[in-house]
Each structure stands twice: as structure tokens, then as C-alpha cells.
Amino acid sequence: MKDCENLMLYASNELDGAAKAAFEQHLQTCSSCRAELALLRRTDEALAAPAAPASVVENLFAKTTRRRKSFFAGWKPAFAGTALLGLGLLTFLAGLQPDKTAFDASEVIAYMSENLDEEYLNFSNDLALFEQEF
Ligand SMILES: [Zn+2]
């Protein structure tokens, strides 16, 4: 089970030599890591592809910044973080269902599109909280 913790490191090419070989060995026996790795790879491709999701996120962010553009400009990374959190959750859910290896990028994108309104609301709440701090 401990080997599963190396999945993210392996996926981002941060394992070397023995650790990498050990994880590849682990992959042979762990279907949940294989499923999660496959999803991570496809998600990477989706994010690297000519950016339907990125433009959606951009538009969404433009909405939130319309009011006080310069003040919110620094929050762009925070929003990207929220979107990545959503992807992380999706990855986690997929990991719980090793049979569901048939996830592909379009499903991820569809999921993100469906949930953007909700993420936008969460993000707005965060911003409101942030404003109260001032
Ligand atoms: Zn594993």
C-alpha cells in the first residue's frame, strides 16, 4: 500500500533509479495505481491540448474580475488551484473505481464544464471572505 504514495512522484518523473524501478514493479500488481496513472496521463494531454478547458476557465475568471480587475488579478493562481483541486478529486474518485479505466479526456472536460458553475460559486465565496479580511 505504501508504494501507492509514490504515484504522483512517478507521474511527474520525480522518481529515480531504484525508486522508479520499484514503483514500476508495483504498477504490475496494483490496478488502482495503473488506472490512476492512465487518468493522470490523459488529463495531462487534455490540459496540454489546444485548451478548450483553459479558455473556459479564462472566461470564467474574466467574469469574476470584471468588477475590480487589478485587485483580483493576483487571484488567478488561486482559481487555477481550485480547478486543479476538482481534477484531483476526479482522479481520486477514479482511483476508487479501478474498473473505470475508460475515462478519456473528453469526459474530464465534460465534468469540468458541468462543474464550472459550482466552482465559480465557491470561488466567489472565497473572494467574499477575502474581502471581509480588509
Ligand atoms: Zn498502488
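Structural notes, computed from the coordinates. These figures come from a predicted structure and were not determined experimentally.

**Observations concerning the overall build of the protein chain**
On a plain count of helices and strands, the protein chain comes out with seven helices and zero strands. Listing each helix as α and each strand as β along the protein chain from the N terminus yields α-α-α-α-α-α-α. The 134 residues of the protein chain split such that 30% are buried. Taking all contacts inside the protein chain whose residues are at least 6 apart in sequence as the whole, residues at least 24 apart take part in 61%. In the form shown here, the protein chain has an accessible surface area of approximately 8,700 Å², with 57% of it arising from carbon and sulfur atoms.

**Some words on the coordination of the zinc ion**
Protein-derived ligands of the zinc ion are Cys-4 (SG), His-26 (NE2), Cys-30 (SG) and Cys-33 (SG), with the metal-ligand distances lying across 2.0 to 2.3 Å. Note that the zinc ion binds four donor atoms; their angles at the metal cover 105 to 117°, and the shape is tetrahedral. Mapped onto the polypeptide sequence, the residues donating to the zinc ion form the spacing pattern C-x21-H-x3-C-x2-C. Each member of the pair, His-26 together with Cys-33, is buried.

**Regarding the environment of Ala-21**
One can find Ala-21 in helix α2 (residues 17–29). On the accessibility criterion, Ala-21 (42% relative accessible area) is partly exposed. When the C-alpha positions of Ala-21 and Tyr-10 are compared, they lie 10.0 Å apart, and in sequence the two are 11 residues distant.

**What to know about the nonpolar core**
Core analysis: the largest hydrophobic core is formed by nine residues, namely Leu-7, Tyr-10, Leu-15, Phe-23, Leu-27, Cys-30, Cys-33, Leu-37 and Leu-40. Taken together, the elements giving at least two residues each to this core come down to α1 (7–11), α2 and α3 (31–48). Counting residues per element, this core draws most heavily on α3, at three residues. Contacts of Leu-27, omitting those with residues within four sequence positions, involve Tyr-10, Cys-33, Arg-34 and Leu-37.

Rules and cut-offs
Residues numbered from 1 in each chain as written. Predicted model: local features only at pLDDT ≥ 70, side-chain atom pairs only at ≥ 80, totals over all residues. Heavy atoms only, no water. Helix = DSSP H or I, 4+ residues; strand = E, 2+ residues; numbered from the N terminus. Buried < 20%, exposed > 50% of the residue type's maximum accessible area, 1.4 Å probe, protein only. Contact = heavy atoms within 4.5 Å. Areas by Shrake-Rupley, 256 points an atom, 1.4 Å probe, with all protein chains shown as cover. Donors = N, O, S within 2.8 Å, 3.2 Å for Na, K, Ca; no water. Tetrahedral: all angles 85-135°; square planar, octahedral: opposite > 155°, others 65-115°. Core = buried A, V, L, I, M, F, W, Y, C linked by side-chain atoms within 4.5 Å.

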